[in-house]
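Structural overview
Residues per chain, in single letters:
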Amino acid sequence: MNNKATPLLTTNIPELKLCNRGKVRDIYEINDTLLIITTDRISAFDVVLPSGIPYKGQVLTGLSEFWFKYTSRIIENHLITTHIEHMDNPVVSQHKDILAGRTMLVKKVKVVPVECVVRGYLAGSGWKEYQKTQTICGIKLPAGLRESDQLPEPIFTPSTKATIGHDENITFSQVTDMVGKELAEELKEKSMKLYLLARDYALDRDIIICDTKFEWGITENNTTILIDEALTPDSSRFWPRDGYASGKPQQSYDKQFIRDYLESIHWNKKPPAPALPPEIVQKTSEKYLSAYKALTGKSLI
Ligand SMILES: Nc1ncnc2c1ncn2[C@@H]1O[C@H](COP(=O)(O)OP(=O)(O)OP(=O)(O)O)[C@@H](O)[C@H]1O
Ligand SMILES: [Mg+2]
């Protein structure tokens, strides 16, 4: 493996102020900007695994960058640059070897505390809720839908940004109570617009975007902009168009080999997670790279 293919599991840049280590990303603060570094960590069943996936960080960063650029004509976003040399920071430059290709410098803004999920198909927590109540986030749906069915039209199904535990689905009127009617309407309208644009683009490239989550922030001059990552396999459910059939769960685009392997060894899904065999790591890496290629039309390596 060349240097770039060696998975990066964690970063340690003591000269910068670490503000968050998520399951996948390490985030540092530089004045009024954030340095979002996507490592090669991967989680399954909500537990971070000890094995990294080569090129995963570059794929997620490259895809976010691709979508930020593709959608910037309709929606403003937080991306400043992914080029180390444009970040104009000696500490960042010093760590160029590990940061290049996996790092975004973004405007730091006030985060709107709502996960803006848009669903075009019935899966995950949406499918669970539908089976119980025939609704998702209070939205009434037709009877008789099956798992993975395409919805008559995409729906906005927000959830809370839980700091501990799982995010919880909320109704649009709860969003209104939290952030006010005007902003709630804006979040919904912008999230739906983005989903529709991306859904059509991806479908032409044989990827179904089942659902996706957007986050929004408010700038100093009170503009609502798209933040975080966008339309990546970590923030969305991507399904290969080939082999799609409703009435059952779909194969996950990226993590299916890992899930199947972990089920096969009967891991109890509690930490610590077992290491993955090299062939599972390799196949997963290839899946991420193929999603990148399908969506951007370019090979990452
Ligand atoms: N431009 C931005 N300005 C301010 N905060 C941002 C910006 N972009 C993203 N964020 C915030 O940074 C945090 C990123 O954390 P991250 O998603 O990596 O980990 P997490 O949410 O703690 O855990 P998980 O790995 O489960 O997602 C999120 O809270 C997100 O809202
Ligand atoms: Mg997050």
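Residues numbered from 1 in each chain as written. Chains lettered and ligands numbered in written order. Predicted model: local features only at pLDDT ≥ 70, side-chain atom pairs only at ≥ 80, totals over all residues. Heavy atoms only, no water.

All right, on to the site of ligand 1 then. Taken together, 17 residues surround ligand 1, and among them Lys23, Arg25, His78, Lys107 and Glu215 come closest. A distance of 2.5 Å separates an oxygen atom of ligand 1 from a polar side-chain atom of Glu215. Protein chains shield 75% of the accessible area of ligand 1, which is 630 Å² for the free molecule. When residues of the shell around ligand 1 are traced back to their parent elements, those giving at least two are strand E2 (25-30) and strand E7 (103-107). Split into classes, the residues belonging to the shell around ligand 1 amount to seven nonpolar, three polar and seven charged. (Near = heavy atom within 4 Å. Polar contact = N/O pair within 3.5 Å; in protein donor to acceptor, adjacent residues only side chain to side chain. Areas by Shrake-Rupley, 256 points an atom, 1.4 Å probe, with all protein chains shown as cover. Helix = DSSP H or I, 4+ residues; strand = E, 2+ residues; numbered from the N terminus. Nonpolar A, V, L, I, M, F, W, Y, C, P; charged D, E, K, R; others polar.)

Attention now moves to the nonpolar core. Note on soluble globular proteins: their nonpolar side chains tend to be buried together. Of all hydrophobic cores here, the largest spans 65 residues; its most connected members are Trp67, Phe214, Trp216, Ile258 and Leu276. Contact partners of Phe214, with chain neighbours within four places excluded, come to Val114, Glu115, Cys116, Val118, Ser191, Leu194, Tyr195, Leu226 and Leu231. One finds Leu16, Ile37, Val92 and Leu105 within the second-largest nonpolar core, a separate group that totals 13 residues. (Core = buried A, V, L, I, M, F, W, Y, C linked by side-chain atoms within 4.5 Å. Buried < 20%, exposed > 50% of the residue type's maximum accessible area, 1.4 Å probe, protein only. Contact = heavy atoms within 4.5 Å.)

Relative to the helices and strands, Leu122 is located in the loop between strand E9 (114-121) and helix H5 (124-133). Looking at Leu122, the relative accessible area reads 0%, which means it is buried. Through-space distance from the C-alpha of Leu122 to that of Lys69 is 28 Å; in sequence the pair is 53 residues apart. Not counting residues up to four positions away in its chain, the partners in contact with Leu122 are Trp127, Tyr130, Ile136, Leu145, Arg146, Glu147, Ser148, Asp149 and Leu151.

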